[in-house]
Amino acid sequence: MRTTLSFASPAEIATELLAVLAVDTQTEKGPAAKPAPTLLTSDHAVTAAAAAVLASGEFKAGANETLLLHAPAGLAAKRLLIVGLGKQAKAALHNVRNAAGTAIRFTKPRGIRELALALPENFSESLPLAEARAIVEGAFVGDFDPDTYRSERKDVSVQSFTVVAPAGSDRAAIEAGFNEGVIVGESQSFTRSLVNEPGNKLTPTIMGQRAAAMAKEVGLACEVHSTEKLRELKMGAFLSVSQGSAEPPALIVLRYEPEGVKDGPIIGLVGKGITFDTGGISIKPADNMEKMKYDMAGGAAMLGAMRAIALLKPKVRVIAIVCASENMPDGKAYKPGDVVTAMPFADRPGKTIDIINTDAEGRLVLADGLTYARQLGATHLIDAATLTGAIGVALGQINAGAFSNHDTTFEQFKTGLAVSGEKFWRMPLGDEYADLIRSDIGDIKNTGGRFGGASTAAEFLHTFAEDTPWIHLDIAGMAWIDENRPYIAKGPSGFAVRSILEWAKSYAS
Ligand code: BES
Ligand code: MN
Ligand code: ZN
C-alpha cells in the first residue's frame, strides 16, 4: 500500500473514494432523542454534499457505521464515504484508528484501489500528530488479509492511501505522525504475516532467517543461534522443549544500539516463538490444534516492535530475544516427570524444573530467554507470549493479561496504552501462586494445577526474572481474531507490537 500525505481541502482531492469521519453529537437520552450525525470537517463542499443524507436519519454515525454516496456534488472525488466514530463524548483515538481500518475494508472488496481520508477536524483533545499516526496505523491494520496462499487472492491490497490534512494545519506535527504511522503500521503487518504462516512454512530456522533479513533491512545487529549454542549456554529448559522435534531450535538475538547512548537502561524484549505447539507427549486434542501455528505470536510481536524501534530511533538501547522451537512428541521428546536444569545466572546454578505437562512449554523456553536477556545486561524486561488458555477464559478476546513485579515499571507501560489503543488488564502475582508450583523433587514444577493457570504461569516466569523490573504479557486470547470485524480481518492481530514499542520508547533519554 502506497501512502501519501496531502495538504489540501478534501473537496479538491481527485480520487476514487474520499472518506470523512462523523460523530454523533446527540447528548440527550431517551426514545425521543434522535442521533445527530456531524461530519468532522470544515469543508463546506463536503458538508453540503452530505447534508441531505445526514438529515434523513439513515446514518447514525455509530462506531464503524458506513454510508456511501456516488458522484457527490461539488467534489472532485468519485465517491464519498462517511464513517462513524460513535457518540462524540465517548469517541477516542482508537475509534479514529478503527474508522480508518473500516474505510479500507469497505474499499477493498469493492475493487476500489484508491482511498483518501480526511483528517478529522475538531476531534476531542487528541494532538494532530497522534491522530495522523492512528489513521495511518488503522489503514495498515485494515489492509491486511490472511489469504496469502489462496491461488486467486480475493481482495488484494488498496494501492494508494492518502491522508488529507486541511491546508492551515500544523504541518510538522502531522508529517511526523504520518511517518510514524507508516513505520508502526508496516511493522505490525510484518508481525502479522509471520504469525499467519503455517508451521511447515515457518520453522524455527525460517523464523530466524526472516528476523535476520528484517534486521539487515532496518540496520539492526542480529545473531541466530541453534542447538550447539544453547548447549554452551546451558539452556536446559529451552533445549528440553526442542529435543522432540526434527527441526532445530533458533535463539534469535537482535540488538539496537543508538549512537552516543553508552549508559542508561537496557530494555530486554523476550518473545515466545513456538512455531507449532502440538503439546508434545501431553498431546493436545485434535480440535483447533491447527491454530497452534500462532504460538509464536509473542516472538513475532518482539520482531515487529524491534523493526519499528530501528526505524523510529529512540535514544535507548534495546535487545530482543526470541526463543523459537517446535513442541513435538517423538522418541526423543521430553516427558512428564523429567527433571531439566534451566540456564544458570551469574554465579548461581540453573534452577531444576520438574516437568508435569509437556504442553506447558512456553514458560520453559522463556525461562532461559529471560535469563539470557539478564546476562546480556537487560535492566528492564518485557516478555510476550501466547502462554495460557486460562488468560482467554479470564479476560476474553477483549483484554490481554499483564503481570509485573514492579509497580512503576507497570505504570510506565500503562501510560503507553493511551497511544497504542491496546487493552491490557493487570493480573496478580504472589507467593500464594508460587506455592502452587513448588516441586517435591526439584525447585519448581512447570504447571500449577487447574486454578489460576495464568498467574501460576506468570509466577513461573517471575522465578527467572527475579527482581529485575519485568512485565509479562499473556496474549493467548488476543493474538488471533476468530471473526472478521469492520476494521480488521480475522486471523493474526499483531497485538502488543504497539504497546511494547511505546514502553521501550518511554525509556529514551
Ligand atoms: N500455547 C498454549 C496456550 C494457548 C492456548 C495459546 C490457547 C493460545 C490459545 C500453551 O503452550 C499451553 O498449551 N498452555 C497450557 C498450559 C497447561 C498445560 C498448564 C494451557 O493453557 O492449557
Ligand atoms: Mn503448550
Ligand atoms: Zn504453547
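Residues numbered from 1 in each chain as written. Chains lettered and ligands numbered in written order. Predicted model: local features only at pLDDT ≥ 70, side-chain atom pairs only at ≥ 80, totals over all residues. Heavy atoms only, no water.

## Some words on the overall build of the protein chain
Line of reasoning, step 1. Across its full length, the protein chain holds 14 helices and 20 strands.
Line of reasoning, step 2. With respect to the principal axes defined by its C-alpha atoms, the protein chain has extents near 75 × 50 × 45 Å.
Line of reasoning, step 3. Expressed as a percentage of its 509 residues, the buried residues of the protein chain come to 59%.
Line of reasoning, step 4. Taking contacts inside the protein chain between residues at least 6 apart in sequence as the whole, the part at least 24 apart equals 77%.
Line of reasoning, step 5. Summing over all exposed atoms, the protein chain offers an accessible surface of approximately 20400 Å²; the carbon and sulfur share of this is 52%. (Helix = DSSP H or I, 4+ residues; strand = E, 2+ residues; numbered from the N terminus. Buried < 20%, exposed > 50% of the residue type's maximum accessible area, 1.4 Å probe, protein only. Contact = heavy atoms within 4.5 Å. Areas by Shrake-Rupley, 256 points an atom, 1.4 Å probe, with all protein chains shown as cover.)

## With respect to the pattern of salt bridges
Line of reasoning, step 1. Counted according to the given criterion, the structure contains 29 salt bridges.
Line of reasoning, step 2. Of the charged contacts, one joins Arg 498 and Glu 137 as a salt bridge, the two residues approaching to 3.8 Å between their closest N and O atoms. Here the residue Arg 498 occupies a position in helix α14 (residues 497-505), and Glu 137 occupies one in helix α3 (residues 128-143), the gap between them amounting to 361 residues. Accessibility assignment for this pair places Arg 498 and Glu 137 in one class, buried.
Line of reasoning, step 3. A single salt-bridge network, built from bridges that share partners, covers Arg 97, Arg 133, Glu 137, Glu 180, Arg 498, Glu 502 and Lys 505. (Salt bridge = Lys/Arg side-chain N within 4 Å of Asp/Glu carboxyl O.)

## Remarks on the coordination of the manganese ion (ligand 2)
Line of reasoning, step 1. Protein coordination at the manganese ion (ligand 2): the donors are Asp 277 (OD), Asp 359 (O), Asp 359 (OD) and Glu 361 (OE), at 2.0 to 2.2 Å from the metal.
Line of reasoning, step 2. One can describe the site at the manganese ion (ligand 2) as irregular: its six donor atoms subtend angles covering 71 to 169° at the metal.
Line of reasoning, step 3. Sequence spacing among the residues donating to the manganese ion (ligand 2) works out to D-x81-D-x1-E.
Line of reasoning, step 4. For the pair the manganese ion (ligand 2) and the zinc ion (ligand 3), the metal-to-metal distance amounts to 3.1 Å, and Asp 277 bridges them. With a gap of 82 residues between them, Asp 277 in strand β10 (residues 266-277) and Asp 359 in the loop between β13 (352-354) and α9 (362-375) connect regions that are remote in the sequence. (Donors = N, O, S within 2.8 Å, 3.2 Å for Na, K, Ca; no water. Tetrahedral: all angles 85-135°; square planar, octahedral: opposite > 155°, others 65-115°.)

## With respect to the coordination of the zinc ion (ligand 3)
Line of reasoning, step 1. Coordination of the zinc ion (ligand 3) by the protein involves Lys 272 (NZ), Asp 277 (OD), Asp 295 (OD) and Glu 361 (OE), with metal-donor separations of 2.0 to 2.4 Å.
Line of reasoning, step 2. When the donor residues of the zinc ion (ligand 3) are listed from N- to C-terminus, their spacing reads K-x4-D-x17-D-x65-E.

## Focus on the site of ligand 1
Line of reasoning, step 1. Near ligand 1, the surroundings consist of 16 residues, among which Lys 284, Asp 295, Asp 359, Glu 361 and Gly 389 are the closest.
Line of reasoning, step 2. In this structure, an oxygen atom belonging to ligand 1 sits 2.9 Å away from a side-chain N or O atom of Asp 277.
Line of reasoning, step 3. Note that a nitrogen atom of ligand 1 is positioned 2.8 Å from one of the side-chain N or O atoms of Asp 295.
Line of reasoning, step 4. Expressed as a share of its isolated accessible area of 510 Å², the protein-covered part of ligand 1 is 76%.
Line of reasoning, step 5. In terms of residue class, the shell around ligand 1 is built from four nonpolar, five polar and seven charged. (Near = heavy atom within 4 Å. Polar contact = N/O pair within 3.5 Å; in protein donor to acceptor, adjacent residues only side chain to side chain. Nonpolar A, V, L, I, M, F, W, Y, C, P; charged D, E, K, R; others polar.)

## Observations concerning the packing of α9 against helix α13 (residues 453-465)
Line of reasoning, step 1. Two numbers describe how α9 lies on α13: the axes approach to 8 Å, and their chain directions differ by 25°. Classed by the angle they form, the pair α9 and α13 counts as roughly parallel. Crossing handedness for the pair α9 and α13: right-handed. Contact residues: α9 offers Arg 363, Leu 364, Leu 366, Ala 367, Leu 370, Thr 371 and Arg 374, while α13 offers Ala 457, Phe 460, Leu 461, Phe 464 and Ala 465.
Line of reasoning, step 2. Among the residues forming the contact of α9 with α13, the class breakdown is nine nonpolar, one polar and two charged. (Axes fitted to C-alpha atoms, helices over the stretch in contact; angles between N-to-C directions. Parallel < 35°, antiparallel > 145°, perpendicular 65-115°, else oblique. Left-handed = near helix turned anticlockwise from the far one by under 90°.)

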